[in-house]
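A structural walkthrough
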Amino acid sequence: MREDDPYDLDSGPDPAAFAAAAPEPSIDGIDGSGEDAEGSAVADAPVYAVGIGPGNPEYLTPRGRRAIREADVVVGFETVVDFVADETDADLLTCGYADEAEALSEFGRRVAAGERGTAVLMGDPNHSGYQFLGKVQRAVERPVRVIPGISSLQIAASRARTPMEDTRFVTLHKSGSLDADFDRLAEAVGERHLLVLPRPFDWMPGDIAEFLVDSGADESLDALVLERLTHDDERITRTTLGDLRESAGGSGPDSTPYSDLSVLAVRAPVDATD
């Protein structure tokens, strides 16, 4: 982990593990909107964790849009909340890494006072969002219900034609040790397609390519860097693993040619003959 990363997950349990510790609880007597059959608010109505998709509003699901629209207070990272700000009249609690704990604490107080709360996460909370999901879950005393979204990962799989059942997915977009994640990539490269969510800006596509080649991967493997998927400025760079490694190095936005909203696909060889 970089020295300037404000999180030290070695000092306590990973919030992702907290979020995944048990199945989602049943919420009896609630139609999914936080109201009972008569339309009255339920005191222990769930907090919703909504995947907003890749940021294009056309990819926000109707159920997710409803949870955002009906909330009294919405919390999330500023770049994520900005994508849905026009969908709701709720109070918006935005944060970055430095003030995340403060925003979630305020969110928890508002929910405890009876307000309807919704947390928003980029893509699908099940793809790389479990750390924030765990922090939301710790901040509130109500059940948290996930409303999955369409992830940029799913869009990338479509663009790169990498069927999910033949693909190894790894997210590096998290705090803490990445050793186990890199072991999984090194084990699968060349045998299965890879879909990787880079971590801005210390593990960008070039850095991942360099690691894979140094781990023995074939430099000629097809690699695609898929940026800002579904947006008007979507860009897809088609290259090889060996050429991609030339952009390795650095730790800031000026040290890479690729966006922080990127997915890396590394295709395994496919025999399309009968």
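Here, the structure is the one placed above.
First, a word on what this report is: a plain description of the structure on this page. (Residues numbered from 1 in each chain as written. Predicted model: local features only at pLDDT ≥ 70, side-chain atom pairs only at ≥ 80, totals over all residues. Heavy atoms only, no water.)

Topic: the overall build of the protein
Broken down by element type, the protein carries nine helices and ten strands. Taking the intrachain contacts of the protein between residues at least 6 apart in sequence as the baseline, contacts between residues at least 24 apart amount to 68%. (Helix = DSSP H or I, 4+ residues; strand = E, 2+ residues; numbered from the N terminus. Contact = heavy atoms within 4.5 Å.)

Some remarks on the sheet that holds strand 7 (residues 193–197)
Taken in spatial order, the five strands of this open sheet run 6-7-10-8-9, and their pairing is mixed. Where the open sheet ends on each side, the last strands, each with one partner, are strand 6 (167–171) and strand 9 (235–240). For this sheet the average axis-to-axis angle between neighbouring strands, irrespective of direction, equals 15°. Strand direction decides the pairing type here: strand 8 (residues 222–227) and strand 9, joined by six bridges, are antiparallel. Its bridge partner lying in strand 9, alanine 223 is registered against threonine 239. Lying on the sheet, helix 7 (residues 179–188) is in contact with strand 6 and strand 7; it crosses strand 6 at an angle near 160°. In this fold helix 8 (residues 205–214) packs onto strand 7, strand 8 and strand 10 (262–266), with an angle of close to 25° to the strand it touches most, strand 10. (Pairing = 2+ DSSP bridges. Axes fitted to C-alpha atoms, helices over the stretch in contact; angles between N-to-C directions.)

A look at a negative patch on the surface
Judged by side-chain charge, Glu78, Asp82, Asp99 and Glu102 come together as a negatively charged surface patch. Examined against the element boundaries, glutamate 78 turns out to sit in helix 3 (residues 78–84). (Patch = residues over 30% accessible without salt bridge, like charges linked within 9 Å, V, L, I, M, F, W, Y side chains within 5 Å. Areas by Shrake-Rupley, 256 points an atom, 1.4 Å probe, with all protein chains shown as cover. Salt bridge = Lys/Arg side-chain N within 4 Å of Asp/Glu carboxyl O. Lys, Arg positive; Asp, Glu negative; His and termini not counted. Charge placed at Lys NZ, Arg CZ, Asp CG, Glu CD.)

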